[in-house]
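# Observations on chain architecture
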Amino acid sequence: MNENELLAELLLPKTDKQPEYYEELYPARNIPEGAKVTRVAPSPTGYLHLGTLFTALVNRITATSSGGVFYTRIEDTDKKREVEGGIADIIGGLNRFGIAIDEGFISGDSEKGEYGPYKQSMRGEIYRCFAKDLIKRGLAYPCFCTADELSKMREEQEKLKVRTGYHGEWARHRNITYSEAKALIDAGKPFVIRLRSGGSESRRVVFDDVIKGKIEMPENDEDFVILKSDGIPTYHFAHAVDDHLMRTTHVFRGDEWISSAPKHIELFRVLGFKQVKYGHISPIMKLDGGAKRKISKRKDPEAAVHFFAEEGYPASAVIEYLMTIAASDFEDWRRVNPDADYKLFKFNPKKMSVSGALFDNDKLNDVSKIIISKMQSGAVYSALCDWAKEFDGDFYGILSTDPDYTAKMLAVDRDGVKNARKDIAKWSEAKSYFAYYFDSLFVPDYSTPERVSPADAKTFLEKYTSVYSESDDRQAWFDKIKAIAPEIGFAAETKEYKAEPEKYKGSAGDLSGVLRLAVTGRTNTPDLCGIMSVLGKEKCAERIKAYINNI
RNA sequence: GGCCCGGUGGUCAAGAGGCCUAAGACACCGCCCUUUCACGGCGGUAACACGAGUUCGAAUCUCGUCCGGGUCACCA
């Protein structure tokens, strides 16, 4: 054995597999030409965040568009930051948003697929095997520096105004010999394994980012850590080993990774792996005061995807909105395919924005309104109840008191209508939106519309009450309003009023405004005729009476 | 500070030297339609960060400035 082999045995004595073993264990995937293999590799240090969902979506749609595979891998190499239940929350969240997972973790505690294990903490031997191989080939070595020594070194570098980091002359253990290492190990000193970088700051690495295009940077020359002192790999090393062995073709990840791409590229090279393609995604931003900044899980409630569930945005609305950010040509496609599943959209990473998009709540609302407006009342009923059950128990109690009534209420202006209303954007708005259907939520408004005096309103409502019949269809219902209009100085037709406004006090439209106010306490509601028929004659009469008595 | 990435209306964005008098969507405003509210239709306000250069011609190419973001860990 030569010195390097001796060192490898000394450092990782129990690791006995060769890289070839894993290469054979995880053969090239049998997928069509051009199919892309992508993944999302969350670290269970918190709950599912918007950025992770967005990244997952982009990876998912890339795989789907190319007939490839999308898998999940858990990056739990940092035990200190791990959060209980994190995996279940993240994977469960992905599931709820309809991000189909072909392989890897499909729930909080189960995985499937031939390329596992899909949790990094279960892959220790694999990393060690590749690290050992690097040591044997003289491309990695142990470093015994303590955190303290490292920070002293850093201070010194800062004082000298040289680039900080463990590189070149500063790489203290770079030339450590077998016997030196052995002495330190025998003395019980902990160590990490560092890459012996062959890079130079004066040379450039160039890579073609599938989103951002050509990126050119100085080579990595840092002897960065690949195996931590507990034998667990750093992100960089795990990324190279895992994505190679799992036969990933494309890695879409947050653009905060751009700066470490040279490290990754060097790793792929020394390990003899085929370089994966990178697509660096710009972060979703948020306006804070006047400044744009990356959405933060600490400051912004919408950073945690849970927020959208609480607000009651349909999961599909959030995805639809994210798609509009992900692909600039998505909305064009949507116009042509208004009802198609977004998964059919052919995603082209070149159409992704290179600068970070500001999270636009107005746009989300609009997208969500469109989605809800297209739902039939049955679907609205179950989605609304599901939401209320979880987030607004009182409202759920109200909704479920009389399911038939609730169903009828939701059908107004929805089922069998050509152009459905774009009204509510999220279920949390429903309570106030539908308030007038329930006495416990109803808030009367005893004002009158602009062109209608309280006296006329009273007269109109008194006349109207005597002729109203619950069985009136829309036409009959409105004919009755029109019949009364001329009796009190209002035009029966809007056109008549507009033609000769001085001749009338207003039009039948204004009078229906009175009726609306009396019955619903609102100036803005869906089809009033439909509402009144759901409410029932008695309830309507009661509200009208109260209104008359109070204006 | 070094190194990267970016900068077109309030927001998302189209744009690959002449087709730009700069598309479309959201928001906002107006009009039309309309029983109300919507939907829909039509229209409007509003942008190439700045400065040099290259070119007959620049939103587009180059350089500089400014501004924003990211990153410089035994975190991912």
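The following paragraphs examine the structure supplied in this document. Every chain is numbered independently, its residues counted from 1 as its sequence is written. Each chain gets a letter, beginning with A, and each ligand a number, beginning with 1, in the order they are written. For this predicted model, a pLDDT threshold of at least 70 governs which residues receive local features, and a threshold of 80 or more governs which side-chain atom pairs are given and counted, while totals over whole chains, interfaces and linings are taken from all residues. The side-chain figures draw on all heavy atoms in the structure; neither hydrogens nor water molecules are used.

## What to know about the overall build of chain A
- Regarding its fold elements, chain A presents 23 helices and 15 strands.
- Here chain A has a C-alpha radius of gyration of 33 Å; the compact-globule value for 551 residues is 24 Å, and the former is much larger.
- Referenced to the eigenvectors of the C-alpha coordinate spread, the extents of chain A come out at roughly 110 × 50 × 45 Å.
- Burial classes: relative accessible area under 20% of the type maximum marks a residue as buried, over 50% as exposed, and values in between as partly exposed (1.4 Å probe, protein chains only). For chain A, buried positions account for 51% of its 551 residues.
- Taking the contacts inside chain A whose residues are at least 6 apart along the sequence as the reference set, 72% of them involve residues at least 24 apart.
- The method behind every accessible area is Shrake-Rupley, applied with a 1.4 Å probe, and residues are considered shielded solely by the protein chains displayed. Total accessible area computed for chain A in this model is approximately 25,900 Å², and 51% of it derives from carbon and sulfur atoms.
- Charged-residue counts in this description rest on Lys and Arg as positive and Asp and Glu as negative, His and the chain ends being excluded. Every charge is mapped to an atom, namely NZ of Lys, CZ of Arg, CG of Asp or CD of Glu. Of the charged side chains in chain A, 80 are positive and 85 negative; the average position of the first set lies 2 Å away from that of the second. Secondary structure follows DSSP: runs of H or I at least 4 residues long count as helices, runs of E at least 2 residues long count as strands, and numbering of each begins at the N terminus. It is over C-alpha atoms that the radius of gyration is taken, and the globule rule equals 2.2 Å times the number of residues to the power 0.38. Whether two residues are in contact is decided by their heavy atoms: any pair within 4.5 Å suffices.

## Overview of helix α1 (residues 3–11)
- Every buried residue of α1 is accounted for by Leu-7, Ala-8, Leu-10 and Leu-11. Within α1, the buried residues cover an arc of 165 degrees as seen down the axis, which keeps them to one side.
- For α1, the capping residue at the N-terminal end is Asn-2, with a side-chain oxygen 2.9 Å from the backbone nitrogen of Asn-4. As used here, the arc belongs to the directions running from the helix axis to the C-beta atoms. A 3.5 Å cut-off defines polar contacts: any pair of N or O atoms within that distance qualifies, except that in protein one atom must be a possible hydrogen donor and the other a possible acceptor, and neighbouring residues in sequence count only when both atoms are side-chain atoms.

## Some points on the sheet that holds strand β9 (residues 225–227)
- Strands were regarded as paired on the criterion that DSSP finds at least two bridges between them. Pairing is antiparallel in the open sheet, where three strands are placed in the order β5-β6-β9. Only two strands of the sheet have a single partner each, and these edge strands are β5 (140–143) and β9. When the angles between neighbouring strand axes are averaged without regard to direction, this sheet yields 45 degrees. Each axis is a line fitted through C-alpha atoms, taken for helices only over the stretch in contact, and angles between the N-to-C directions span 0 to 180 degrees.

## Regarding unusual backbone geometry
- Unlike most non-glycine residues, Lys-161 shows phi in positive territory, near 55 degrees.
- Tracing the backbone shows Lys-161 in the loop between α6 (147–160) and α7 (178–186).
- Phi at Asp-413 takes a positive value of approximately 60 degrees, unusual for a residue other than glycine.
- We classify Asp-413 as buried; its relative accessible area is 18%.

## Topic: the protein's contact with RNA strand B
- Around RNA strand B sit 58 residues, and of these Arg-154, Lys-363, Arg-421, Arg-516 and Asn-524 come closest.
- Here a residue is considered near a molecule or strand provided that any single heavy atom belonging to it is located within 4 Å of it. Counting only atoms of RNA strand B within 4 Å of the protein, the sugar-phosphate share comes to 76%.
- Between a phosphate oxygen of RNA strand B and a side-chain N or O atom of Ser-353, the distance comes to 2.8 Å.
- A distance of 2.6 Å separates a sugar or linking oxygen of RNA strand B from a polar atom in the side chain of Ser-512.
- Of all the secondary-structure elements, those providing two or more residues to the surface near RNA strand B are β6 (192–195), β8 (213–218), β13 (291–294), α12 (330–336), α13 (361–373), α19 (474–484), α20 (494–499) and α21 (508–520).
- Among the residues forming the surface near RNA strand B, the class breakdown is 17 nonpolar, 15 polar and 26 charged. By the convention adopted, Pro, Cys, Tyr, Trp, Phe, Met, Ile, Leu, Val and Ala count as nonpolar, Lys, Arg, Asp and Glu as charged, and the other residues, Gly among them, as polar.

## As for the sheet that holds strand β3 (residues 103–105)
- Sheet architecture is open: four strands sit in the order β1-β2-β3-β4, paired in mixed fashion. The open sheet has two edge strands, β1 (37–40) and β4 (111–112), and neither has a second partner.
- The sheet contacts of helix α3 (residues 50–66) involve β1 and β2 (69–72), and relative to β1 the element is tilted by about 165 degrees.

## What to know about the nonpolar core
- Judged by nonpolar contacts, the single largest core of 97 residues is most densely connected at Leu-53, Leu-94, Ile-99, Ile-226 and Phe-237.
- Once you skip the residues sitting within four places of it in the chain, Leu-53 turns out to touch Leu-48, Leu-94, Phe-97, Ile-99, Val-305, Val-318, Ile-319 and Leu-322.
- Residue types Ala, Val, Leu, Ile, Met, Phe, Trp, Tyr and Cys, when buried and joined through side-chain atoms within 4.5 Å, form a set referred to as a nonpolar core. Ranked by size, the runner-up nonpolar core spans 54 residues in total, among them Trp-387, Ile-484, Ala-508 and Met-532.

Scope: geometric values only; no functional claims are made or implied.
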